[in-house]
Amino acid sequence: MARVLVIDDHDTLREGMTVTLTRSGHTVAAARSGADGLAAYKKTPFELVVTDLKMEGMDGIAVTRALKALDPAAVVLVVTAFGTIETAVQAMQEGAYDFITKPFPPDVLRAKVEKGLELASTRRQVEKLSARTAAHDADAALSHGNLVGDSEPIQKLLAQVRKAAASEATVLVRGESGTGKELVARMLHQQSPRKDGPFVVVHCAALAESLLESELFGHERGAFTGAVKRKLGRFELADGGTLFLDEIGEIPPSVQTKLLRVLQEKELQRVGGEETLKVDVRVVSATHRDLQAEVKAGRFREDLYYRLHIVPLMLPPLRERPEDISTLARHFVAKHAPRVNRRVKGLDDSVLKALARHAWPGNVRELENVIEQSLVFAEGEVLTEADLPAHLNPSAPRTDASGLPIPHGDRPLPDILEDIERQLIARAYEKAGRVKTETARLLGIKTSALYYKLEKYGFISKGEAPEEG
C-alpha cells in the first residue's frame, strides 16, 4: 500500500479522511495546515497528497504550487466545496491531478485516491526508465554517438543510422550476439525527434509467453492469478518515445499477432481489459536470427516481418572490421579503468598485436570483457600482454587446476570460456591470498558462488571451505 498525506484545517474532515484511507490499507499522515503539510513532505515524500482548497494561511493552490516546485512528480488531489469548482480548476492548472467536491462518501474518496496512486506509479516508472537510460548513455557516450570505430563498415552503418533516425519508420537491427544492436537502437532514439521521450527496452527472449504479453501490453487487476493491481505495459510507458524489442525472433505466435495489431493500428488492450488505448511509439527491434528463414519455417509471421523490416540495419561482426579493434580496446580501457583499476592509463603494442590475432566469436562484447578482466589484475600503468587472459597470451603457461597443460589448437567456444573462467578465478584467489571473501569481491560474485567454482575447478576439496588468510 501507499503513503498518503492529508492536509486540512478542519479537524472532523481531516480525521474522517485519515480513517477512510487507513482502513483501505494505506499509511496516512495528517497535517493541520498547508505549511505543516509542506514541511512533512520535505522530510519524507508521499505517493499522494490530499489537500483542502480553502484553508487559513497557505491555501490548497499555494500548497499545490509549492509541492510541484519541490517534486514535479508529486500527485495532488484537491478537496473543494461545490461553489468553488472554478478555483479547483485553477489548482489543476497549477499541477493538481484532480479534485473532489464536498460532501463526498468514503467510496468516492477511495476511488479518487486509487486513480491518483496509479498515476503516481506510472510517473515513477517513467522516471526510473529515464534515469536508467540517462545513466547508460552517460556511461557509454563516446564519438559517433556511442558506436566506436573508423572502419568503412562502421562509417556506412553510421550514415544509415543518421538517415533512419529522422524517420518514424520501424527499424530491424540484425547482427551476431555482441555486435552492439542495443547501442544502435539507442543511437536511433538519441538522434530522432523523440529523443526527449522515454527509451524503453524489452528483452523478449528472457520472458515466458504469459509474462511477455503482460510486459508489452500491461494487464488489469484480476486478469490472472497474481495480478493484484493494474500494470501498465511497456508500450504505454514508451508513449511519445521509442520501444526497443530485443531478440524479436523469440516471441511466440500469440504475441506476434497482438504485436502486429499494435504496429498497424497504434492501439492496444491490456491483458484482461476491454478499453482500447492509443499509443504513439516508434518501434526498433533486433535479432541475431535470420527472420526470413523463420518465416519460411512457419515460426514467424510474414506480415509482422514486413512491418518490422521497413528499415533494415546490419551490424558487421568484429572479425569483418579488424582495424577497429585497437580503437575499441583503448575506448574500453578509458571506460573501465576509472572504476576497476585507476592506475592503468593505456595499453602497449604487445596487447594490440595479441588482440589482432584473435577471431572474436563473441564480438565487441567479448573484447570489452577481456579488457575489463585484464584491468582487474594489471599491476602497472599500462596493460601488457602478460595481463591478458591466457587464451590471448601465447607466452603464458596454460595449465589446469591440477597443473596439467591445457592443449592448444582449435577447441569449442564453451571449452575456451571455461578455461578463461578457471584462470581468472585462479589469479583472483592467489591475489587475494586465498581469502574467500576478498576473492569473491575481486570477481564481483557471491561467496557461495565462489565455493562452487573453487570446488568445480579443484582448488578445494568437495564440501571444504577455503582457508582464510
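Our subject is the structure that appears above.
Residues numbered from 1 in each chain as written. Predicted model: local features only at pLDDT ≥ 70, side-chain atom pairs only at ≥ 80, totals over all residues. Heavy atoms only, no water.

Asker: Where do I start with the overall build of the protein chain in this structure?
Answerer: Helices and strands together make up the secondary structure of the protein chain, namely 18 helices and 14 strands. Classification of the 469 residues of the protein chain by burial places 46% in the buried group. In the protein chain, of all internal contacts separated by at least 6 residues, the share reaching a separation of at least 24 is 67%. (Helix = DSSP H or I, 4+ residues; strand = E, 2+ residues; numbered from the N terminus. Buried < 20%, exposed > 50% of the residue type's maximum accessible area, 1.4 Å probe, protein only. Contact = heavy atoms within 4.5 Å.)

Asker: Quick question: what am I supposed to make of the sheet that holds strand β2 (residues 27-31) here?
Answerer: Taken together, the 5 strands give an open sheet; going across it, the order is β2-β1-β3-β4-β5, and neighbouring strands pair in parallel fashion. A single partner strand is all that each edge strand has here, and the edge strands are β2 and β5 (98-102). Each adjacent strand pair in this sheet contributes to an overall mean axis angle of 20 degrees, direction not counted. Bridge count for strand β3 (residues 48-52) against strand β4 (residues 76-81) is 4 bridges, and the pairing is parallel. For Val49, the partnering residue across the bridge sits in β4 and is Val76. Against the sheet, helix α1 (residues 11-23) contacts β1 (3-7), β2, β3, β4 and β5, and its axis sits at roughly 170 degrees relative to β2. (Pairing = 2+ DSSP bridges. Axes fitted to C-alpha atoms, helices over the stretch in contact; angles between N-to-C directions.)

Asker: Just to check I follow, could you spell out the pairing of strand β11 (residues 282-287) for this structure?
Answerer: If a strand is regular, its side chains alternate between the two faces of the sheet. Along β11, 6 of the 6 residues are buried, which leaves the element largely enclosed by surrounding structure. Of the two faces of β11, the one carrying Arg282, Val284 and Ala286 and the one carrying Val283, Ser285 and Thr287 are both buried. Across 4 bridges, the pairing between strand β6 (residues 171-174) and β11 is parallel. When the bridges of β11 are listed, Arg174 appears paired with Thr287. As judged from the 4 bridges shared by strand β8 (residues 242-246) and β11, these two strands associate in the parallel manner. The residue of β11 that forms the bridge with Thr242 is Arg282.

Asker: Quick question: what am I supposed to make of helix α14 (residues 349-357) here?
Answerer: In an α-helix, one turn spans 3.6 residues, which is why side chains three or four residues apart end up on the same side. Looking at α14, one finds that the buried residues are Val351, Leu352, Ala354 and Leu355. All buried residues of α14 fall inside an arc of 165 degrees around its axis, so they share one side. Set apart from the buried face of α14 by more than 90 degrees, the exposed residues are Asp349, Lys353, Ala356 and Arg357. Where the residues of α14 are buried, they touch α13 (325-340), β13 (346-347), α15 (363-377) and β14 (382-383). (Arc of directions from axis to C-beta.)

Asker: Explanation requested: the side chain of Lys68 in the structure shown.
Answerer: Checked against the element boundaries, Lys68 lands in helix α3 (residues 60-70). Within the structure, the side chain of Lys68 is placed 2.9 Å from the backbone oxygen of Ala74, a separation counted as a polar contact. (Polar contact = N/O pair within 3.5 Å; in protein donor to acceptor, adjacent residues only side chain to side chain.)

Asker: Sorry, what's going on with the pairing of β3 here?
Answerer: Of all 5 residues making up β3, 5 are buried, and the element is well covered by its neighbours. Alternating residues of β3 divide into Leu48, Val50 and Asp52 and Val49 and Thr51, and every residue in both groups is buried. With 4 bridges joining them, β1 and β3 adopt parallel strand pairing. Across the sheet, Val6 pairs through a bridge with Val50, a residue of β3. For the crossover that starts at β3, traverses α3 and ends in the parallel β4, the hand is right-handed. (Right-handed = clockwise from strand over helix to strand, strands pointing away.)

Asker: Whenever I open this one, the nonpolar core confuses me. Can you help?
Answerer: Most often, soluble globular proteins keep nonpolar side chains buried together rather than apart. Counting 29 residues, the largest nonpolar core has Phe235, Leu245, Ile248 and Phe300 as the members making the most contacts within it. When contributions to this core are tallied by element, the ones reaching two or more residues are β7 (199-203), α8 (209-217), β8, α10 (253-265), α11 (291-296) and α12 (302-308). No other element matches the 5 residues that α10 contributes to this core. Residues contacting Phe235, with those up to four places away along its chain left out, are Leu216, Phe217, Leu243, Leu259, Val262, Leu268, Val279, Val281 and Val283. (Core = buried A, V, L, I, M, F, W, Y, C linked by side-chain atoms within 4.5 Å.)

Asker: What am I meant to see in the sheet that holds strand β12 (residues 311-314) here?
Answerer: By definition, the strands of a sheet pair up through backbone hydrogen bonds, in either a parallel or an antiparallel sense. The parallel open sheet is built from 5 strands, whose spatial order is β7-β8-β11-β6-β12. Two strands close off the open sheet at either side, each with one partner strand: β7 and β12. Across this sheet, the average inter-strand angle for adjacent strands is 20 degrees, counted without regard to direction. Alignment of β6 against β12, held across 4 bridges, turns out to be parallel. Counterpart to Val173 in the pairing with β12 is Leu313. Those strands touched by helix α7 (residues 181-190) are β6, β7, β8, β11 and β12, and its axis lies near 155 degrees from that of β7.

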